[in-house]
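Each chain is listed here by its residues.
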Amino acid sequence: MDRRTFVKGTAVIAGVSSLPRVSFGQAAPAKIGVVGPKTGPLAGGAAVTHFPNFKLWAKEINDRGGLKLKGGQRKIELIEYDDRTQPGECIKAVERLATVDKADFIMAPYATGFNLAAAPIFDKYKYPQVAQAAVTDKMDELTKKYSGLFFVQGSTSAYATTAINVLKKLKDEGKIGNKVAVVNVADTFGIELANAGRPLFKTAGFDIVYDTSYPLGTQDLAPVIKAAKAANPDAFVAWSYPPDTFGLAEQAKIEGLNVKAYYSAVATAFPAFKAKFGAAAENVLGAGGVKDTPELRKFYKDLKDATNVDGDYWGNPVYYSMLQMIEQAIVDVGSFDLPAITKQLKAKTYKTLIGDMDVRTQKLTWLWTVGQWQGDLFHGVAGVGVSGAKPVQLKTGWA
Amino acid sequence: MQPGAAVMDILIIGLLLGGTYALMAMGLQLQYGVARIMNLANGEILVAAAFGTFWFFTATKVSPFVSLIGIVPLAFALNWAVYRVLILPLVRRAKNQGQLDVDSILATFGISFIFIGILLHVFGGDYLSYSYLARPYVIFGENYGLNRIAAFLGSAAICIGLYVWLHRTRAGLTLRAVAVNPSAAGLVSIDVERVSALAFALGGAVTAAGGTLLSMFLTFDASLGVLFTLKALVIVIMGGVSEIRGAIIASFILGLAETAVAILVDPGLTLAAAYVLFLAILLLRPEGLFGRRV
């Protein structure tokens, strides 16, 4: 089969460079490589969390006239490749961006495994790799090995720990009992979370009354929810992925699984979740969460206007803030001197949409890890090193 | 859980799941069993119909069943055109069924990418899902999703309708004749090309109807089609390629088996159970449950 690649230069650039009068000091656009799944199992998530951020960011920079660099202002041209949710394709695409397209900068790919797979290539060509959609417990090991690799989305155990702490607090306050039903999708992230979670539940004093896994992509979850309900739990935790996050909630609603705390991991923070379940989504807990600010609301509006995508309440704002950080580091350096940019990223704290970003240790020092649907927003209710968390509400049925 | 309740759960959830699988598989059965085209773009038609229904439902708030009025004829016309324009040249030049299988698998694999591209362009790559009849319906004191029951009834109606049409009408008879032996059917003045196009288009229409019904409770994205194609492929081969009855019964066997394993053993083993069953049937009856030995 032929290699299918999607190459899309932004139309803005084509328009500008075809004009006969190129203003003085307007250098050729900077080529920014973007790799991610446009097709395959991870495409649904990337269509929301990955690709739109780059589009908005490039548009805003180009509207301002470009990046202010030493040789004058340079606009941005995005070069996008589809990795078809295959690590091999992802590696090829990064390699191609580095050697054939000679990209000035390459954005980290989408999803944990893909970032780990591409890390040696980024390292080989000295591109900094600021991995956003990558959650792993191997951060320390990896950042030691690759000096240009940064993580801004936290570790697997941070997500498990904070979610379980939210439940522990409710239990200690006497708001819920100690019986918890835990299910997980049989895929890397789900298995890692489940394994990290089991001992944590025990130490937190929980009795795991139901514990099972189901294959990736399962949408017929009636047996799972029925069995969970039969175990009569006080809290329900699903280390889940889309589309099963949707399937579990629908079945919980039908089955009347009226736990006081209901948590599902990935995609709970998607606007599609709220759109599907409406009022029934109220007080559902999940991975992610945001702090409500006017700037944040404006970001979602801008994203919608520029890309027609409703951003999620987990990755999108972090992604955009990461881009703001990268942009400032590039402007500080004044050129696409890659090792200098890596050094600059580690040199200071950056002001961004979500707050101050500090990646001196190649890891973001804080982040929201647990959110809850309260009204129209998926508010952050717990995290690592965060302040201003909303109080957790108990779920009162699926009305 | 009481043993009696477990049996009831397995039966009802299994039957509902079997109905779901029948919706995925019947269209491919017509396309492969009669038109002899192993259509790997079948799942994309299902996803396209689900997206169309999503769009219709969120825009109008009218029952997804109403959208069938538009989606089914549209899918019929589209699949007819695909067959006449893209598939027929392959059929005409193929010297034997083996060559046609290879050609049509390659061609429809390519077509599936075109469909995915169009879906991505029109609907975007996001997960699409809506809520319809997501209410409990109580049978013997247990809750079941009303949307799944509605889809099951739709599925049953299509199964029975197709079966009766194939076995009680003259047009159905010509389809069965082509399914059994295209060259012999040609000898008794059946227009094999026309009947094959009809079967292919009908298969596409049934798949699209399946997509509409499934969209009431499944979440879709543009890349999900291949999963449905694979499931349908397993079922069609399990059932025996030449008989719609085989696909229907295989769907229910698979639905009941997966549910029994999920309830009695472990939900994590449903996929394994499905493939063990598939292997067992292939070993014991390589021609499928209702296939003829050749």
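Residues numbered from 1 in each chain as written. Chains lettered and ligands numbered in written order. Predicted model: local features only at pLDDT ≥ 70, side-chain atom pairs only at ≥ 80, totals over all residues.

### A short note on the overall build of chain B
Logical step 1: Counting secondary structure elements, chain B contains eleven helices and two strands.
Logical step 2: Its helices and strands in sequence order give chain B the pattern α-α-α-α-β-β-α-α-α-α-α-α-α, from N to C terminus.
Logical step 3: Taking 2.2 N^0.38 as the reference for a compact globule, 294 residues should give roughly 19 Å; the C-alpha atoms of chain B span a radius of gyration of 19 Å, in line with that estimate.
Logical step 4: Its C-alpha atoms put chain B at 60 × 45 × 35 Å along the principal axes.
Logical step 5: For chain B, the proportion of its 294 residues judged to be buried stands at 53%.
Logical step 6: Of the contacts formed within chain B by residues at least 6 apart in sequence, a portion of 77% connects residues at least 24 apart. (Helix = DSSP H or I, 4+ residues; strand = E, 2+ residues; numbered from the N terminus. Rg over C-alpha atoms; globule rule 2.2 N^0.38 Å. Buried ≥ 20, exposed ≤ 12 C-beta atoms within 10 Å, placed from the backbone. Contact = placed C-beta atoms within 7 Å.)

### Regarding the overall build of chain A
Logical step 1: A tally of helices and strands in chain A yields 14 helices and 16 strands.
Logical step 2: Rg of the C-alpha trace for chain A: 22 Å, near the compact-globule value of 21 Å for 399 residues, within the 12% margin.
Logical step 3: Its C-alpha atoms give chain A principal-axis dimensions of roughly 70 × 50 × 40 Å.
Logical step 4: Taken over 399 residues, chain A has a buried fraction of 55%.
Logical step 5: For chain A, restricting intrachain contacts to residue pairs at least 6 apart in sequence, the fraction spanning at least 24 positions comes to 68%.

### Quick notes on the interface of chain A and chain B
Logical step 1: The interface of chain A with chain B comprises 38 residues on the first partner and 34 residues on the second.
Logical step 2: Of the residues forming the side of chain A that touches chain B, the biggest block, six residues, is contributed by helix α10 (residues 244-255) of chain A.
Logical step 3: Tallied by class, residues from the side of chain A that touches chain B come to 20 nonpolar, ten polar and eight charged. (Nonpolar A, V, L, I, M, F, W, Y, C, P; charged D, E, K, R; others polar.)

### Some thoughts on the packing of helix α6 (residues 170-180) of chain B against helix α8 (residues 192-214) of chain B
Residues and elements named next belong to chain B.
Logical step 1: As a packed pair, α6 and α8 sit with axes 10 Å apart at the nearest point and diverge in direction by 100°. It follows that α6 is roughly perpendicular to α8 by the angle criterion. Across the interface between the two elements, Thr-174, Leu-175 and Val-178 of α6 pack against Val-192, Val-195, Ser-196 and Ala-199 of α8.
Logical step 2: Here the residues of the contact of α6 with α8 are counted per class, giving five nonpolar, two polar and no charged. (Axes fitted to C-alpha atoms, helices over the stretch in contact; angles between N-to-C directions. Parallel < 35°, antiparallel > 145°, perpendicular 65-115°, else oblique.)

### Examining the pairing of strand β4 (residues 76-82) of chain A
Logical step 1: Burial within β4(A) is extensive, with seven of its seven residues counted as buried.
Logical step 2: Covered by surrounding structure in β4(A) are A:Ile76, A:Leu78, A:Glu80 and A:Asp82 together with A:Glu77, A:Ile79 and A:Tyr81, the residues of both alternating faces.

### Topic: the sheet that holds strand β11 (residues 261-264) of chain A
All names here are of chain A.
Logical step 1: Reading across from one edge, β9-β8-β10-β11-β12-β15-β16 is the order of the seven strands in this open sheet, with mixed pairing throughout. Edge strands, defined here as strands with exactly one partner in the open sheet, are β9 (207-214) and β16 (377-384). Across the sheet, the axes of successive neighbouring strands diverge by a mean angle of 20°, strand direction being ignored.
Logical step 2: In this sheet, strand β10 (residues 235-239) lies alongside strand β8 (residues 179-185) in parallel orientation, the contact comprising five bridges. By the bridge assignment, Val-182 is partnered in β10 with Val-237.
Logical step 3: Running at roughly 175° to β9, helix α9 (residues 222-230) makes contact with β8, β9 and β10 of the sheet. (Pairing = 2+ DSSP bridges.)

### Regarding the confidence of the model for chain A
Residues and elements named next belong to chain A.
Logical step 1: Mean pLDDT over chain A works out to 91, with 93% of the residues at or above the 70 mark.
Logical step 2: Mean pLDDT per element in chain A: helix α1 (residues 11-17) is the minimum at 40, and β11 is the maximum at 98.
Logical step 3: With pLDDT under 50 throughout, residues 1-23 is counted as low confidence; its partners more than four residues away or in other chains account for 22 contacts. (pLDDT = per-residue confidence, 0-100.)

### Looking at unusual backbone geometry
Logical step 1: The omega torsion across A:Pro242 and A:Pro243 is 0°, close enough to zero to call that bond cis.
Logical step 2: Of note, A:Pro243 is situated in the loop between β10 and α10.
Logical step 3: One non-glycine residue with positive phi stands out, namely B:Lys61, at about 65°.
Logical step 4: With respect to the secondary-structure elements, B:Lys61 resides in the loop between α2 (42-60) and α3 (64-93).

### Side note on the nonpolar core
Logical step 1: Ranked by internal contacts, the top residues of the largest apolar core, which has 230 residues, are A:Phe236, B:Ala25, B:Met26, B:Ile235 and B:Val236.
Logical step 2: The greatest single-element share of this core, amounting to 14 residues, is contributed by α8(B).
Logical step 3: If sequence neighbours within four positions are ignored, B:Ala25 has contacts with B:Ala232, B:Ile235, B:Val236, B:Ala247 and B:Ser251. (Core = buried A, V, L, I, M, F, W, Y, C linked by C-beta atoms within 7 Å.)

### Let's talk about the sheet that holds strand β5 (residues 105-106) of chain A
Residue and element names in this part refer to chain A.
Logical step 1: Spatial ordering of the open sheet is given by β4-β1-β5, a layout of three strands whose pairing is parallel. One side of each edge strand has no neighbouring strand; the edge strands of this open sheet are β4 and β5.
Logical step 2: Here strand β1 (residues 30-36) runs beside β4; their pairing, made up of seven bridges, is parallel. Bridge pairing in β4 places Val-34 opposite Glu-80.

### Notes on helix α9 (residues 225-239) of chain B
Residues and elements named next belong to chain B.
Logical step 1: Along its 15 residues, α9 runs 21 Å from first to last C-alpha, staying within 8% of the 21 Å computed at 1.5 Å per residue.
Logical step 2: Across the 15 residues of α9, twelve count as buried, placing the element largely inside the fold.
Logical step 3: For α9, the set of buried residues is Gly-225, Val-226, Phe-228, Thr-229, Ala-232, Leu-233, Val-234, Ile-235, Val-236, Ile-237, Met-238 and Gly-239.
Logical step 4: Elements in contact with the buried residues of α9: α1 (3-33), α2, α4 (97-123), α10 (244-265) and α11 (270-284).
Logical step 5: The positive-phi residue at the C-terminal boundary of α9 is Gly-240, with phi of around 95°. (Expected span 1.5 Å × (residues − 1).)

### Details of α2(B)
All names here are of chain B.
Logical step 1: Taking 1.5 Å as the rise per residue, α2 with 19 residues should run 27 Å; its terminal C-alpha atoms sit 27 Å apart, in good agreement.
Logical step 2: Of all 19 residues making up α2, 15 are buried, and the element is well covered by its neighbours.
Logical step 3: The positive-phi residue at the C-terminal boundary of α2 is Lys-61, with phi of around 65°.

### Some remarks on the environment of A:Ser155
Residues and elements named next belong to chain A.
Logical step 1: Residue position: Ser-155 is located in the loop between β7 (149-151) and α7 (156-172).
Logical step 2: Put simply, Ser-155 and Lys-138 are 17 residues apart on the chain and 7.9 Å apart in space, counted from C-alpha to C-alpha.
Logical step 3: Ignoring anything within four residues of it in the chain, the contact list for Ser-155 reads Val-135, Thr-136, Asp-137 and Met-139.

### Re the pairing of β11(A)
All names here are of chain A.
Logical step 1: Both faces of β11 are covered, namely the face carrying Ala-261 and Tyr-263 and the face carrying Tyr-262 and Ser-264.
Logical step 2: For β10 and β11, the ladder comprises four bridges, and the chain directions are parallel. By the bridge assignment, Ala-235 is partnered in β11 with Ala-261.
Logical step 3: For the segment spanning β10, α10 and β11, crossover handedness is right-handed.
Logical step 4: Here β11 runs beside strand β12 (residues 285-287); their pairing, made up of two bridges, is parallel. Counted as the bridge partner of Ser-264 is Gly-286 from β12.
Logical step 5: In this fold, the crossover linking β11 to β12 by way of helix α11 (residues 271-277) has right-handed handedness. (Right-handed = clockwise from strand over helix to strand, strands pointing away.)

### Examining the packing of α2(B) against α8(B)
All names here are of chain B.
Logical step 1: For the pair α2 and α8, interaxial distance at closest approach is 7 Å and the crossing angle is 45°. What the angle tells us is that α2 and α8 run oblique. The handedness of the crossing between α2 and α8 is right-handed. Two secondary-structure elements touch here, α2 through Asn-42, Ile-45, Leu-46, Val-47, Ala-48, Ala-49, Ala-50 and Thr-53 and α8 through Gly-204, Thr-207, Ala-208, Gly-210, Gly-211, Thr-212 and Leu-214.
Logical step 2: Counted by class, the contact of α2 with α8 contains eight nonpolar, seven polar and no charged residues. (Left-handed = near helix turned anticlockwise from the far one by under 90°.)

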